[in-house]
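# Close look at the chain arrangement
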Amino acid sequence: MRRTRWPSVAWTSTASAVLRRRVCSKGFAVHCPFCRHPDSRVVDSRTSDDGSSIRRRRQCPQCNRRFTTVETASLSVVKRSGVTEPFSREKIAGGVRKACQGRPVSEDDLALLAQRVEETLRSSGSAEIDAYEIGLAILGPLRELDEVAYLRFASVYQAFDSLEDFEAAITVLRADREEAERGGVDAVADDAAVTPGASSAT
């Protein structure tokens, strides 16, 4: 008997998505995209590699066809105007990309930075994030990625309006770098001091 392969319909269950859901006495119900039956049952669930979404394989009890939904936790951005919009990693990467022009930063680096920013924001437990907080969440990972790109981004985000603002930011970067280097030297010295004792004990 030849087995029929049904198409996979990938939707998302975020607040701005096209997936149509309703709440019934049994919980959430998903309409079948083929026959529009107002319910379906989950036959398989898999979490994405980064844990940000869950793919659910569903089957319609009416027509027996199967389809796939992708569920993610809702995360909205509140802009200065008060308008809210869904969080987008693509927008994060796009905004940082401008600051990274001419720098040794790859698309994979930008994608990882956007992922780190999203993880930081979601860890707050809030479903709505102020746009200003997104900028704060970007600064740390961007600084680790490329200091020149960090200064470019910070100059716009923090509204640098004089040479002194840049000098102050650079001074902080240098001080932090020197402190990190001193910490590395101290760690090496401690290891060197411990090693002779360890060798003599053996």
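Criteria and thresholds
- As a convention, each chain's residues are numbered from 1 in the sequence order in which they are written.
- Where totals are concerned, whole chains, interfaces and linings use all residues; where local detail is concerned, this predicted model gives features only for residues with pLDDT of at least 70, and gives and counts side-chain atom pairs only at 80 or more.
- By convention in this description, side-chain values take in all heavy atoms of the structure and omit both hydrogens and water.
- Runs of H or I in DSSP of at least four residues are treated as helices and runs of E of at least two as strands, each being numbered from the N terminus.
- Only protein chains enter the calculation, and the probe is 1.4 Å; a residue is then buried if its accessible area is under 20% of its type maximum, exposed if over 50%, and partly exposed in between.
- Contact definition: two residues touch when any of their heavy atoms are within 4.5 Å.
- Areas reported here follow the Shrake-Rupley algorithm with a probe of radius 1.4 Å; residue values treat only the protein chains shown as occluding.
- Like charges within 9 Å and nonpolar side chains (Val, Leu, Ile, Met, Phe, Trp, Tyr) within 5 Å are joined into patches, using only residues over 30% in relative accessible area that form no salt bridge.
- The salt bridge criterion pairs a side-chain nitrogen of Lys or Arg with a carboxyl oxygen of Asp or Glu, the two atoms within 4 Å.
- At least two bridges found by DSSP between two strands are what make those strands a pair.
- In this analysis an axis means a line fitted to C-alpha atoms, helices contributing only their contacting stretch, and an angle means the value between N-to-C directions, from 0 to 180 degrees.
- N or O atoms closer than or at 3.5 Å make up a polar contact, with two conditions inside protein: a donor-capable atom paired with an acceptor-capable one, and, for residues adjacent in sequence, both atoms drawn from side chains.
- The length a helix should cover is 1.5 Å for every residue beyond the first.
- The arc under discussion is defined with respect to the helix axis, by the directions toward the C-beta atoms.

## What to know about the overall build of the chain
When helices and strands are counted, the chain shows five helices and nine strands. Listed by position from the N terminus, the elements making up the chain come as β-β-β-β-β-β-β-β-α-α-β-α-α-α. Per-residue burial over the chain gives 26% buried out of 202 residues. Intrachain contacts of the chain at a sequence separation of at least 6 include 44% that bridge at least 24 residues. Of the roughly 13600 Å² of accessible surface on the chain, 51% is carried by carbon and sulfur atoms.

## Things to note about a nonpolar patch on the surface
There is a patch of nonpolar side chains on the surface, built from Leu163, Phe166 and Ile170 and spanning about 250 Å² of accessible area. Among the secondary structure elements, Leu163 is positioned in helix α5 (residues 163-201). A residue is classified by how much of its surface remains accessible, and Leu163, at 57% relative accessible area, is exposed.

## Observations concerning unusual backbone geometry
Of note, Asn64 is a non-glycine position whose phi angle comes to about 65 degrees, a positive value. Take Asn64: it is sitting in the loop between β5 (53-59) and β6 (66-72). The class of Asn64 is partly exposed, set by a relative accessible area of 47%. Here Ala159, not a glycine, exhibits a phi torsion of approximately 55 degrees, which is positive. Considering the arrangement of structural elements, one finds Ala159 in the loop between α4 (147-157) and α5.

## What to know about the sheet that holds strand β9 (residues 128-130)
With mixed pairing, the three strands of this open sheet are ordered in space as β8-β7-β9. Looking along the sheet, the strands with just one partner apiece sit at the ends: β8 (84-86) and β9. The sheet shows a mean angle of 35 degrees between the axes of neighbouring strands, taken without regard to direction. As judged from the three bridges shared by strand β7 (residues 76-78) and β8, these two strands associate in the antiparallel manner. Following the sheet pairing, Ser76 is matched in β8 by Pro86. Contacts from helix α3 (residues 131-145) reach β7 and β9 within the one sheet, and its direction differs from that of β9 by about 75 degrees.

## Overview of the environment of Gln158
Counting through the fold element by element, Gln158 comes out in the loop between α4 and α5. Between the C-alpha atom of Gln158 and that of Leu136, which follows or precedes it by 22 residues, the distance is 9.8 Å.

## Quick look at the environment of Ser88
Assignment of secondary structure puts Ser88 in the loop between β8 and α1 (89-99). Linking Ser88 and Leu75, residues 13 residues apart in sequence, is a C-alpha distance of 9.0 Å. Here the side chain of Ser88 touches Glu90 through a polar contact of 3.1 Å, side chain to side chain.

## Details of helix α2 (residues 107-122)
Taking 1.5 Å of rise per residue, 16 residues should cover 22 Å, and α2 covers 23 Å from first to last C-alpha, within 8% of that figure. For α2, the complete set of buried residues consists of Leu110, Leu113, Ala114, Val117, Glu118 and Leu121. Projected down its long axis, α2 carries its buried residues within an arc of 135 degrees, all on one side. As for α2, its buried residues are in contact with α1, β9 and α3.

## Some points on the side chain of Arg58
By secondary structure assignment, the location of Arg58 is in strand β5. Reaching out from Arg58, the side chain makes a polar contact with the side chain of Thr69 at a distance of 3.2 Å. Those residues in contact with Arg58 that lie beyond four places of it in its chain are Val30, Ser40, Arg41, Val42, Val43, Arg65, Arg66, Phe67, Thr69 and Glu71.

## Structural notes on the pattern of salt bridges
The full count for this structure, using the stated rule, is 10 salt bridges. For Glu85, the salt bridge is made with Lys79, and the minimal N-O distance between the two is 3.9 Å. On the basis of relative accessible area, Lys79 is assigned to the partly exposed category, the value being 39%. Note that Glu85 and Lys91 form a salt bridge whose closest N and O atoms lie 3.0 Å from each other. According to the relative accessible area criterion, Glu85 is partly exposed, its value standing at 22%. In this structure Lys91 comes out as exposed when scored by relative accessible area, which is 52%. Here the salt bridges do not stand alone but share partners, grouping Lys79, Glu85 and Lys91 into one network.

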